[in-house]
Amino acid sequence: RVLSFLVDVFIVCSFFFFFKQKTAYEIKECDWSSDVCSSDLERNCGLCHDLRASQRLVESQLELCYQCHDDFAKSFKVLHGPVEAGFCTACHNPHRTKIKKLLKREGQELCLYCHSLQDVKKNEVHEEIDDVDCTECHNPHGGEDRTFLQ
């Protein structure tokens with residue numbers, strides 16, 4: 001069923017891109033939202049994806065992100081693991097999301113998806129953290145040391 005769904009989506013998207021030359025914003029059949037990672041309405045799948053093999057990117061994920069966004073390695077001494085590995089999509093969804101900054105999850109839920117709450121609370125500063133957003137104190141991309149304090 002999953003393969004059938006993916007083939008159907010690919011066929012619909014391919015039809016519009018190859019024959020109608022519509023932008024991602026205009027293709028309602030692909031269920032795109034207005035939060036596609038670009039303010040440039042003329043962008044389309046082919047800028048990031050190999051249109052002959054849609055799951056293959058035309059460049060590394062990191063290089064694609066850094067076409068528009070700052071290279072965090074130039075800003076911070078220490079990078080967050082996913083940033084250093086070039087895996088921006090660990091936290092961000094480049095296609096669609098209703099959460100600001102194209103995040104996959106909100107608040108602590110984003111960080112606690114990978115970081116154990118039990119481990120976080122071992123630090124006495126975090127004992128009564130309640131539901132404070134981690135980014136109130138920590139930069140999610142990097143910092144001067146491994147704590148990423150802002």
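A brief structural summary. (Residues numbered from 1 in each chain as written. Predicted model: local features only at pLDDT ≥ 70, side-chain atom pairs only at ≥ 80, totals over all residues. Heavy atoms only, no water.)

### What to know about the overall build of the chain
Turning to step 1, where the next piece is worked out: Check the secondary structure of the chain and you find 5 helices and 4 strands.
Turning to step 2, where the next piece is worked out: Taken from the N to the C terminus, the helices and strands of the chain come in the order α-β-β-α-β-α-α-α-β.
Turning to step 3, where the next piece is worked out: With 150 residues in all, the chain has 27% of them scored as buried.
Turning to step 4, where the next piece is worked out: Residue pairs in contact within the chain that sit at least 24 positions apart in sequence constitute 39% of those at least 6 positions apart.
Turning to step 5, where the next piece is worked out: When the accessible surface of the chain is split by element, carbon and sulfur atoms take 54% of a total near 11,200 Å². (Helix = DSSP H or I, 4+ residues; strand = E, 2+ residues; numbered from the N terminus. Buried < 20%, exposed > 50% of the residue type's maximum accessible area, 1.4 Å probe, protein only. Contact = heavy atoms within 4.5 Å. Areas by Shrake-Rupley, 256 points an atom, 1.4 Å probe, with all protein chains shown as cover.)

### Description of empty space enclosed by the protein
Turning to step 1, where the next piece is worked out: In total, this model carries 1 cavity of 30 Å³ or more according to the counting rule given.
Turning to step 2, where the next piece is worked out: The space that makes up the largest cavity amounts to roughly 30 Å³.
Turning to step 3, where the next piece is worked out: In this structure, the largest cavity is lined by Gln108, Leu112, Leu117, Val120, Ile129 and Cys134.
Turning to step 4, where the next piece is worked out: Residue assignment for the lining of the largest cavity shows that the elements contributing at least two residues are α4 (107-112) and α5 (117-120).
Turning to step 5, where the next piece is worked out: Residue classes in the lining of the largest cavity are distributed as 5 nonpolar, 1 polar and no charged. (1 Å grid on protein atoms, 1.4 Å probe; cavity = no way out; pocket = protein on both sides within 12 Å on 5 of 7 lines; lining within 4 Å. Points joined across faces, edges and corners; volume = space filled by probe spheres on them. Nonpolar A, V, L, I, M, F, W, Y, C, P; charged D, E, K, R; others polar.)

### Describing the layout of surface pockets
A probe matching the size of a water molecule, rolled over the atoms, marks out where space remains unfilled.
Turning to step 1, where the next piece is worked out: In this structure, the second largest pocket encloses a volume near 870 Å³.
Turning to step 2, where the next piece is worked out: Lining the second largest pocket are 31 residues, with His115, Val120, His126, His138 and Thr147 sitting closest to its centre.
Turning to step 3, where the next piece is worked out: Mapped by element, the contributors of at least two residues to the lining of the second largest pocket are α4 and α5.
Turning to step 4, where the next piece is worked out: At 3 residues, α4 tops the list of elements feeding residues into the lining of the second largest pocket.
Turning to step 5, where the next piece is worked out: Of the residues in the lining of the second largest pocket, the class split is 17 nonpolar, 9 polar and 5 charged.

### Let's talk about the side chain of Asn139
Turning to step 1, where the next piece is worked out: Within the secondary structure, Asn139 is located in the loop between α5 and β4 (142-143).
Turning to step 2, where the next piece is worked out: With sequence-adjacent residues up to four places away left out, Asn139 is seen in contact with Phe76, Phe148 and Gln150.

### Digging into a negative patch on the surface
Turning to step 1, where the next piece is worked out: Together, Glu124, Glu127, Glu128, Asp130 and Asp131 make up a region of like negative charge exposed at the surface.
Turning to step 2, where the next piece is worked out: Mapped onto the fold, Glu128 is located in the loop between α5 and β4.
Turning to step 3, where the next piece is worked out: A relative accessible area of 71% means that Glu128 is categorised as exposed. (Patch = residues over 30% accessible without salt bridge, like charges linked within 9 Å, V, L, I, M, F, W, Y side chains within 5 Å. Salt bridge = Lys/Arg side-chain N within 4 Å of Asp/Glu carboxyl O. Lys, Arg positive; Asp, Glu negative; His and termini not counted. Charge placed at Lys NZ, Arg CZ, Asp CG, Glu CD.)

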